[in-house]
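# A structural walkthrough
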Amino acid sequence: MNRFKTSKFKNTTPKIAKKDEWISNVRAGSFSSQGNHIKASSKLVAFNTEQAGGGVLGVSSVRPGSDGQWTVKQFSCHSDLVTDMDFSPFDESLLATCSGDETVKLWRLCEPEKQQPSSPELTLRPGRGKLELVHFHPTSSGLMAVATSNSPLIWDTSCQDAPLAVLEQHSDQLQSLSWKRDGSLLASSCKDKMLRVFDPRAQLTPVQSAKGLQNNKDSRVLWAKDDFLLTSGFDMMRGREVKLWDGRKLSSSLSSVSLGTSNGLLIPLFDEDTGLLILAGTGDTVVDCFEVSAAEPFLTQVSHCLTDIPTRGVAMVPKLALDVMCCEVMRVLQLTDSCVVPISYHVPRKHSGQEFHDDLYPDTVGTAAAMSAAEWWQGGNKQVEKVSLHPDKQPKTSAAPAKQAPAKKELPGGGRKEDVTRGCSTSSSPLSTPSSSAAPSRSPSSTSGLSSGFAPSPSPSQAAKTIQGLLGPTSKFRHIQGAVMHRDTHVTNLRGLNLTTPGECDGFCVNRERVAVPLAISGGQIAVIERSQPGRLPDTATPTIQNSVNVADFSWDPFNTHCLAVAGDDAKIRLWQVPKGGLTETLTEPELILQGHTEKIYSIKFHPLASGILASSSYDLTVRLWNLDTGDQVMLLTGHQDQIFAMAWSPDGKLLATVCKDGKVRIYDPRQSTAPVQEGPGPEGPRGARVVWVCGGKYLLVSGFDSRSERGLYLFSADSLSSGAVANVQVDVSPSTLIPFYDPDTSLVVLTGKGDTRVHVYEVVPEEPYIIECSSFNSPEPHKGLVFLPKTECNVRDVEVAVGLMLTKASIEPVAFRVPRVKKEFFQDDIYTDTAVWWEPALTASAWLSGINGKHKKISLKPKDMTPVSEAPKEAPVRKYLPSSVYLEEKTDEQKKEELLSAMVAKLGNMDDPLPQESFEGVDDEEWDD
């Protein structure tokens, strides 16, 4: 391209894929290594994850599965951080990895739906310290460049005794390597600011070297077209810059571009066919595209793409995987903390999607190696045969039978060939090119599909599934609406509230008759407010409950609206009895004190069915069960290794679940054992968590934090905790723990945190996708807590499915959650199932302790004067418009003339009618003034 000639790629446009086309369930992070952190073949994608210190890789596919979704699997590669990886250009399933554990491993990967290999096909141990980089040779099979911290090695994997060459040692940290496209030269950049070009077959020292970098921060070097070299790094003022060099003369750069100041390294990707250069900075939300030319102007900016999420790494998808029929000339995969985002680059053309534009797609390098490593080392310079991207010129591929995996075999010089996990077909040699690798696994035309070019075209039978996948799962509660109720129902003028209750406490508690709120007054005082008396509280002091110690947690007895249990910092639990009608004087003497814990108590939970059974957790790492009828401790549960964040009784009252700071979720059967009967991994974050039983006690829903302190929901099967979460959803970033309320009638879970303004609503179902997001509710100001009332408090005539009380810094405000419905005059029996009478006990404490189980009775919420919507009379459809036959009825020309004339006459009126002024009366002559 020059100033007098227009480039066909100057209007290349980036298009970020829609969110449902992103590869999700990715757990990336910040990595201290020289690699790009993500690589792609025409079939698979591999990327770094933060698990196991970075020794675990994630694997997915370039194209989605038949259901339109991507499967992500993780497999352990190394005992230390995977510093770099590279797919073989001649085998789309062969991945090379290197690591801080001083090894290079070759893996033959499977489809993500299958189990990945547990052992590599080949392990190389150079014995030269930590390995930083690995790059396959572009023309020869079985040949790669491996970099230690300061020296490049050339390795033939068929001769594992020693590397073919150990190139001159660099004086500082080696930062990047790049093979020239014809495979003759190898370039490197180093922390010593030097650029070096090696001809490994001619000499071990550089054939060209120069001080090409101004700063010793991270840099990258990349061969562009012909003899040009590209470098990205930092200038003396720490501004990021890109330079273009003549690889035959490194004394000065040909051109340079400054890209502002930022700490993130610029990762360059170059497409030789189009001359397009991608530049993405780590930690940035920008991806720039330039066109590289052999004449001035050497670097011309084509596009500036703003992304939604900061970049952790980038990779380019091979040409054979592009959607050529939609004029997709390049596709970049952006690795972020939680997903891989495809960015497609299209050239706007007429008839895009219908014709193959051969001027955009010159023949590209194929997938058959030009020669072996030995032939290259002996001086061979054969080039990889090029292939056409035209869909009609793609060879038909036939499925080759899988070859038997070789048995493990020790190799001299630290190399080892190993077998692969069953389920993956392997070739007889780890670097041999499969017979079908000379052609792409499927023709480019088969990749045409979604607008990004990332998904295949669905067949007619899959169209409905594709549309449903785009729209997402449906829920009858997806449009649920939350609203603060009328001010007449508020309690206002609350003074002296304690807004810093422990994280294990809900902040306040409520039953059908009264509300208990903690006060920031010495002595652990609690105010009790009658719900039957809303309005403004008096400015004078009101009677309180004085606990004499700071309050850790408190809860109303679900079966006694007058009984309040309060746990204090002194490891005691006090039971208070509020008189009928509310407090008239300050209470100082509790009815019962429970003692047994040796340290401060975290939380307390009443049994859901048995009256008089209370569970408590403490800093002494125990959970104790109490019989309130006798005041005795009846059970002591052990097994926790750290702070107990939360407890939850199962709906049938048989089991007790806990979530702990040691990263474990545990289930106890207190009447059978003091040790947990099940244990599994929970949220990784140590900031706090809550647990609740859902779906009739078949699952546990845990709200907590991940390792990056993002709030999330994790769903566990109660039958197999050890298997980990069956589903998880990332919610947002906030310091407070999400406190869940679960409604078993609708399977809705409502979550919010102390100090939040947003209330999240999800529907939990016992099958995929398990957790369905519904509309959220935003409060006008930050709230300090949200607790819910019994289902009988809901106004079914307004289709209320939940009613809660929201505590703010000076008031208590009722909040109703309603489902929009058209026929509100009918009882919505599809929403209101019979509800459990959980405010009445099903059995006594002694009966439960003796092994008896109970069950709540259920009642209908249907008013007597309402008809169920399922029994509503069927209304005949009302035609809003006349049938088309009326408008399309054929009329003769005479009929049309008559209609037109009639309309005109009607508009003008009758010509024989008198004029209005004719009816006016005149004035007599004598009435005129002279």
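Residues numbered from 1 in each chain as written. Predicted model: local features only at pLDDT ≥ 70, side-chain atom pairs only at ≥ 80, totals over all residues. Heavy atoms only, no water.

Cut-off, in case you're wondering: UniProt positions are given in the numbering used here, feature names are shortened, and annotations may be inferred rather than shown by experiment.
Looking at an unreviewed UniProt entry, the protein carries the name Coronin, with the source organism given as Betta splendens. Of the comments in the UniProt record for the protein, the one headed Sequence similarities (unreviewed entry) reads "Belongs to the WD repeat coronin family."

### As for the overall build of the protein
Filter applied, for reference: Helix and strand assignments come from DSSP, with helices taken as H or I runs of at least 4 residues and strands as E runs of at least 2, each series counted from the N terminus. The contact rule is simple, with two residues in contact once any of their heavy atoms fall within 4.5 Å. Here, Shrake-Rupley sampling with a 1.4 Å probe gives the accessible areas, and only protein chains in the shown set may cover a residue.
Looking only at helices and strands, the protein has five helices and 67 strands in total. Pairs at least 24 apart in sequence give 54% of the contacts found in the protein among residues at least 6 apart. Total accessible area on the protein stands at roughly 42,400 Å², and carbon and sulfur atoms take up 48% of it.

### Remarks on the sheet that holds strand 2 (residues 38-40)
This is how it is decided: When DSSP finds two or more bridges between two strands, those strands count as paired. A fitted line through C-alpha atoms represents every axis, and for helices the fit uses only the stretch in contact; the resulting angles, taken between N-to-C directions, go from 0 to 180 degrees.
Across the sheet, four strands lie side by side as 2-3-4-5; this open sheet has antiparallel pairing. Where the open sheet ends on each side, the last strands, each with one partner, are strand 2 and strand 5 (73-76). On average, each strand axis in the sheet is inclined to that of its neighbour by 25 degrees, with strand direction left out of account. Where strand 4 (residues 56-61) lies against strand 5, four bridges are found, and the strand directions are antiparallel. Paired with L57 across the bridge in strand 5 is F75.

### Concerning the nonpolar core
What counts is decided by this rule: Working definition of a nonpolar core: buried Ala, Val, Leu, Ile, Met, Phe, Trp, Tyr and Cys residues. They are joined through side-chain atoms within 4.5 Å. Throughout, exposure labels follow a simple rule: accessible area from a 1.4 Å probe, protein chains only, divided by the maximum for the residue type, with under 20% read as buried, over 50% as exposed, and the rest as partly exposed.
Counting 26 residues, the largest nonpolar core has I278, V329, M330, Y345 and Y361 as the members making the most contacts within it. Secondary-structure elements contributing two or more residues to this core are strand 23 (266-271), strand 24 (276-281), strand 25 (286-292), strand 26 (299-306), strand 27 (313-316), strand 28 (328-335) and strand 29 (340-346). Of all hydrophobic cores here, the second largest spans 23 residues; its members include I480, V761, F827 and Y832.

### Observations concerning a negative patch on the surface
The line we're drawing: Without a salt bridge and with relative accessible area above 30%, a residue can belong to a patch; like charges are then joined within 9 Å and nonpolar side chains (Val, Leu, Ile, Met, Phe, Trp, Tyr) within 5 Å. Salt bridges are counted wherever a side-chain nitrogen of Lys or Arg sits within 4 Å of a carboxyl oxygen of Asp or Glu. By the counting scheme adopted, Arg and Lys are positive, Glu and Asp are negative, and His together with the chain ends is not counted. One atom stands in for each charge, and that atom is NZ of Lys, CZ of Arg, CG of Asp or CD of Glu.
On the surface, D67, E113, E767 and E768 cluster together into a negatively charged patch. Within the secondary structure, E768 is located in the loop between strand 60 (758-764) and strand 61 (771-773).

### A look at the UniProt feature "repeat: WD" (unreviewed entry) in the protein
UniProt records the feature "repeat: WD" (unreviewed entry) for residues 75-109, 167-199, 594-636 and 637-669 in the present numbering. Regarding residues 75-109, the helix share stands at 0% and the strand share at 66%, and the terminal C-alpha atoms are separated by 10 Å.

### What to know about the side chain of E328
Here is the rule: Whenever a nitrogen or oxygen atom comes within 3.5 Å of another N or O atom, the pair is scored as a polar contact, on the condition that within protein one atom can donate a hydrogen and the other can accept it, and that pairs from neighbouring residues in sequence are kept only if both atoms are in side chains.
As for its position among the elements, E328 is in strand 28. E328 sits in the buried class, given a relative accessible area of 0%. A distance of 2.8 Å separates a polar atom in the side chain of E328 from a polar atom in the side chain of R331.

### What to know about the sheet that holds strand 29
The strands making up a sheet associate through hydrogen bonds between their backbones, and the pairing can be parallel or antiparallel. Spatially, four strands are ordered 1-29-28-27 in an open sheet, and the strand pairing comes out antiparallel. Looking at strand neighbours, the two that pair on one side only are strand 1 (13-16) and strand 27, the edges of this open sheet. Neighbouring strand axes in the sheet, compared pairwise and without regard to direction, differ in orientation by 25 degrees on average. Pairing analysis gives four bridges linking strand 1 to strand 29, with the strands arranged antiparallel.

### Concerning unusual backbone geometry
Excluding glycine, residues mostly carry a negative phi; peptide bonds, for their part, are mostly trans. The residue after E296, namely P297, is reached through a cis peptide bond having omega -10 degrees. Here P297 is to be found in the loop between strand 25 and strand 26. P769 follows E768 through a cis peptide bond whose omega is 10 degrees. Here P769 lies in the loop between strand 60 and strand 61. Even without glycine at this site, K193 takes up a positive phi of about 75 degrees. Looking at the secondary structure, you find K193 in the loop between strand 16 (186-190) and strand 17 (194-198).

### Some points on the packing of aromatic side chains
Geometrically, a pair of aromatic rings is defined through the distance of the ring centres and the angle of the planes. Rule in force here: Only Phe, Tyr and Trp rings are paired, with Trp represented by its six-membered ring, and only when their centres lie within 6.5 Å; those with planes under 30 degrees apart are stacked, over 60 edge-to-face, the remainder tilted. Lysine NZ or arginine CZ positioned within 6 Å of the ring centre and within 35 degrees of the ring normal marks a charge as sitting over the ring.
The full count for this structure, using the stated rule, is 13 aromatic pairs. Taking 5.9 Å as the distance between ring centres and 40 degrees as the angle between the ring planes, the aromatic pair formed by F788 and F817 counts as tilted. One end of the pair, F788, is in strand 63 (residues 785-788); the other, F817, is in strand 65 (residues 812-818), and 29 residues separate them in sequence. Residue F788 shares its accessibility class with F817, and that shared class is buried. Feature note: the residues F741, F777, F788 and F817 constitute an aromatic cluster, connected by ring pairs. K217 extends its terminal NZ or CZ atom over the ring of F234, reaching a point 4.3 Å from the ring centre. Here the basic side chain of R687 rests over the ring of F705, its NZ or CZ set 5.4 Å away from the ring centre.

### Regarding the pattern of salt bridges
Applying the stated criterion across every chain yields a total of 38 salt bridges. Between K857 and E840 there is a salt bridge, with its nearest N and O atoms 3.5 Å apart. A residue pair is termed long-range when its members are at least 10 positions apart, and K857 in the loop between helix 3 (845-849) and strand 67 (858-859) and E840 in the loop between strand 66 (835-836) and helix 3 qualify at 17 residues. A relative accessible area of 51% means that K857 is categorised as exposed. The exposure class assigned to E840 is partly exposed, which follows from its relative accessible area of 35%. Taken together, the salt bridges that share partners define one network made up of K180, D227, D246 and R248.

### Re the environment of G704
Looking at the element boundaries, G704 is found in strand 55 (residues 699-705). For G704, a relative accessible area of 3% corresponds to the buried category. If we skip the residues at most four places from it in the chain, G704 touches P683, G688, A689, E710, R711, G712 and Y714.

### Notes on the side chain of H607
By the element assignment, H607 lies in the loop between strand 46 (601-606) and strand 47 (613-618). At 3.1 Å, the side chain of H607 forms a polar contact with the side chain of W848. Those residues within four positions of H607 in sequence are excluded, and the remaining contacts are P558, F559, I613, W649, G653 and W848.

### Here's the deal with the pairing of strand 48 (residues 623-627)
Looking along a regular strand, one sees side chains alternate from face to face of the sheet. The element strand 48 is extensively covered by neighbouring structure, given that five of its five residues are classed as buried. Of the two faces of strand 48, both are covered, the one formed by V623, L625 and N627 as well as the one formed by R624 and W626. Looking at chain direction, strand 47 and strand 48 are connected through five bridges and run antiparallel. Residue pairing for strand 48: A615 is matched across the bridge by L625.

### As for the pairing of strand 28
Within strand 28, eight of the eight residues are buried, which leaves the element mostly enclosed by the surrounding structure. Sheet analysis places strand 27 next to strand 28, joined by four bridges and oriented antiparallel. Within strand 28, the position partnered with M316 by the bridge is V332. Pairing of strand 28 with strand 29 involves seven bridges; the strand directions are antiparallel.

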